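# An overview of the molecular structure
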Amino acid sequence: MTTPPERAYGAATRLLHADRLGGVEHGAIHKPLHLSAAFNYPTARELVEVFQGNQAGHVYARQGNPTVNALEAKVTLLEDAKGTATFATGMAAISAVFLALLRAGDHLVCTRFLFGNTNSLAQTLQALGVGVTFVDATAAENVRAAITPATRMVFVETIANPVTQVADLDGIGQVCKDAGLLYVVDGTLTTPLLVRGRDIGAGLVVHSLSKSIGGHGNALGGAVVDTGLFDWSTYANILPPYRKGPADKWGLLQIKKKGLRDMGGTLRAEDAHRIAVGAETLQLRLRRVCDNALALARWLEAQPAIARVYYPGLASHPQHERATRLFKGDFGLLLGFELRDGIDTLAFLDALQLVIVSSHLADNRTLAIPVAQTIYYEMGPQRRAEMGIADGLIRLSVGIEDIADLIDDFSRALEAVAR
Ligand SMILES: *Cc1c(COP(=O)(O)O)cnc(C)c1O
């Protein structure tokens, strides 16, 4: 993995020039698409050395290829971290972390405010014999109180989906440090530009690259980033073959061997390329999206037909102060709101002309979805109530359109249904 020498460059500059400074074949400016499944070396000895991990290189593309590695180097730069492994999707990345690092009898402390599919995955872990305790992660004390002698890992999200709770990110980092626990943070909703894993004490950060980092809704991917803060020599579940060489490499090595080589959750080169190109404009897109989301949240909050708005940028948000401190004054693209009682949520969504009714997040286009009936349907009413999800809650993923057009669209849709 190549790292450009000039760490002093700003984040946008480093990202744009990462491929070139790392050295691209044939003078290309972009890392080319490598589509070969297999790799060959001049001598059988070299192939053996690569297989045994004594020499850098590729053996079979299920474990990665140069295009994918170039994207990994960029994500490592963004997080200012030690190393990155990429996966086919964000869920493949999270699965790889859980399944590579947890065993039956272990205990996981997990935020209760959780992406729906991660919640379902946590239930799979329970079926496999891993104990999971769901806690209100907006207070680090709740995490501390849930720790048992069997606890191996703490998992939280930065801004939770869809009610936008902001976890006590640095407080939990301190709890994990005190207890010697691996702290895993899903940073998808903030990206490394709003908060980096190392700044809140995370050992691992996971990102869905399908969201803001790729940014265009045309590629799926996920990443596991090792910040370098966790001491893997203290982690009991590292298997003997991966306890080789310096301990700072052990965790990511086991995650790659299990998640990529054994489970096959490999990111495709085409998607790695699209995500890498998308990431070049992350800073520009995020600037626009954060401005649009804050303006829209403020406008929605002022409408009589809207009962509640959830956005960490609003002074009314319970973790507004924390979000302001942690996220450098920006609050991301995710916004939730509830219509006043008696207004039909689905009719309102049908009245939108510009905003797209869709389940994705972090497209350039603004997307809206009624969550209780769709992405949070399977978990049932009790779990939804624990997460603060009302039946009428609409989730918005704010895009980069002209703000006046967005406000116009919501305004017309409200007029149509809120007579
Ligand atoms: C979308 C998302 C995921 C899953 O990512 P995919 O790439 O869709 O598999 C995980 N966590 C969060 C917070 C997400 O928004």
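Residues numbered from 1 in each chain as written. Predicted model: local features only at pLDDT ≥ 70, side-chain atom pairs only at ≥ 80, totals over all residues. Heavy atoms only, no water.

### Quick look at the overall build of the protein chain
- From N to C terminus, the protein chain includes 15 helices and 12 strands.
- Taking 419 residues into account, the globule formula puts the C-alpha radius of gyration at 22 Å, and the protein chain, at 22 Å, falls close to it.
- Each of the three principal axes of the protein chain carries a C-alpha extent, and together these read 75 × 55 × 35 Å.
- Every one of the 419 residues in the protein chain was classed for burial, and the buried ones make up 55%.
- Pairs at least 24 apart in sequence give 70% of the contacts found in the protein chain among residues at least 6 apart.
- When the accessible surface of the protein chain is summed, it comes to about 17,400 Å², and 52% of that surface belongs to carbon and sulfur atoms. (Helix = DSSP H or I, 4+ residues; strand = E, 2+ residues; numbered from the N terminus. Rg over C-alpha atoms; globule rule 2.2 N^0.38 Å. Buried < 20%, exposed > 50% of the residue type's maximum accessible area, 1.4 Å probe, protein only. Contact = heavy atoms within 4.5 Å. Areas by Shrake-Rupley, 256 points an atom, 1.4 Å probe, with all protein chains shown as cover.)

### Things to note about the packing of aromatic side chains
- Inspection of every chain in the model, using the stated rule, returns 8 aromatic pairs.
- Both rings, one in Phe230 and one in Trp232, keep their centres 4.9 Å apart while their planes meet at 80°; by these two values the pair is edge-to-face. This pair shows no difference in class: Phe230 is buried, exactly as Trp232 is.
- Summarising the aromatic geometry, the rings of Phe230 and Tyr235 are spaced 5.9 Å apart at their centres and angled 80° between planes, so their arrangement reads as edge-to-face.
- Taken together, the aromatic side chains of Phe230, Trp232 and Tyr235 make up a single cluster linked through ring pairs. (Phe/Tyr/Trp six-rings, centres within 6.5 Å; stacked < 30°, edge-to-face > 60°.)

### Overview of the site of the ligand
- Not every one of the 13 residues close to the ligand is listed here, only the nearest: Gly90, Asp186, Ser208, Ser210 and Lys211.
- Between the ligand and Lys211 there is a distance of 2.7 Å, counted from an oxygen atom to a side-chain nitrogen or oxygen.
- Out of a free accessible area of 380 Å², the ligand has 91% covered by protein chains.
- Top element by residues in the shell around the ligand is helix 4 (residues 90-101). It accounts for 3 residues.
- Tallied by class, the residues present in the shell around the ligand amount to 5 nonpolar, 6 polar and 2 charged. (Near = heavy atom within 4 Å. Polar contact = N/O pair within 3.5 Å; in protein donor to acceptor, adjacent residues only side chain to side chain. Nonpolar A, V, L, I, M, F, W, Y, C, P; charged D, E, K, R; others polar.)

### Side note on the side chain of Asn292
- Among the structural elements, Asn292 can be located in helix 11 (residues 282-301).
- Overall, Asn292 belongs to the buried group, its relative accessible area being 5%.
- From its side chain, Asn292 meets the backbone oxygen of Glu401 in a polar contact 2.8 Å long.
- Excluding residues within four positions of it along the chain, Asn292 makes contact with Val398, Gly399, Ile400, Glu401, Ile403 and Leu406.

### Details of the sheet that holds strand 12 (residues 393-397)
- If you trace the 5 strands from one edge of the open sheet to the other, you get 8-9-12-11-10, paired in mixed fashion. At either margin of the open sheet sits one strand with a lone partner, and together these are strand 8 (306-310) and strand 10 (356-357).
- As paired strands, strand 9 (residues 334-339) and strand 12 are joined by 5 bridges and run antiparallel to one another. Residue pairing for strand 12: Leu334 is matched across the bridge by Ser397.
- Where helix 11 meets the sheet, it contacts strand 8, strand 9 and strand 12, and its direction lies at approximately 15° from that of strand 9. (Pairing = 2+ DSSP bridges. Axes fitted to C-alpha atoms, helices over the stretch in contact; angles between N-to-C directions.)

### Details of the domain arrangement of the protein chain
- In terms of domain boundaries, the protein chain breaks down into domain 1 (8-279) and domain 2 (282-418).
- The partner domain 2 presents 39 residues to the 43 residues of domain 1 that form the contact.
- Where domain 1 abuts domain 2, roughly 3,300 Å² becomes buried across the two surfaces, and 58% of that area is made up of carbon and sulfur atoms.
- Of the charged contacts in the structure, one is a salt bridge between Asp168 and Arg322, with a shortest N-O distance of 3.9 Å.
- Inspection of the region where domain 1 meets domain 2 yields 19 residue pairs in polar contact (both at pLDDT 80 or more).
- Going through the elements one at a time, helix 1 (11-22), helix 5 (116-127), helix 7 (169-179), helix 8 (191-194) and helix 10 (269-279) are the ones with two or more residues in the side of domain 1 that touches domain 2.
- Taken together, the residues of the side of domain 1 that touches domain 2 break down into 22 nonpolar, 17 polar and 4 charged. (Domains from an automatic or database assignment. Buried area = accessible area lost by both parts, 1.4 Å probe. Salt bridge = Lys/Arg side-chain N within 4 Å of Asp/Glu carboxyl O.)

### Observations regarding the side chain of Glu157
- For Glu157, the location among the structural elements is in strand 4 (residues 151-157).
- Of the buried charged residues, Glu157 lacks a salt bridge, with Arg395 as the closest side chain of opposite charge at 9.1 Å.
- At a separation of 2.7 Å, a polar atom in the side chain of Glu157 contacts the main-chain amide nitrogen of Phe115. (Lys, Arg positive; Asp, Glu negative; His and termini not counted.)

### Observations regarding the packing of helix 11 against helix 15 (residues 403-417)
- One can describe the packing of helix 11 onto helix 15 by two numbers: an axis separation of 10 Å at closest approach and a directional angle of 30°. Classed by the angle they form, the pair helix 11 and helix 15 counts as roughly parallel. Note on packing geometry: the crossing formed by helix 11 with helix 15 is right-handed. Across the interface between the two elements, Asn292, Ala295, Leu296 and Trp299 from helix 11 touch Ile403, Leu406, Ile407, Phe410, Ser411 and Leu414 from helix 15.
- Here the contact of helix 11 with helix 15 is built from residues that sort into 8 nonpolar, 2 polar and no charged. (Parallel < 35°, antiparallel > 145°, perpendicular 65-115°, else oblique. Left-handed = near helix turned anticlockwise from the far one by under 90°.)

### Considerations on helix 3 (residues 66-79)
- With 14 residues, helix 3 should reach 20 Å at 1.5 Å per residue; the first-to-last C-alpha distance of 20 Å fits that figure.
- In terms of burial, helix 3 is a largely internal element, 13 of the 14 residues being buried.
- Structurally, the start of helix 3 carries an N-cap: the backbone nitrogen of Thr67 is 2.8 Å from a side-chain oxygen of Asn65.
- One or two positions beyond helix 3, positive phi appears at Asp80, with a value near 50°. (Expected span 1.5 Å × (residues − 1).)

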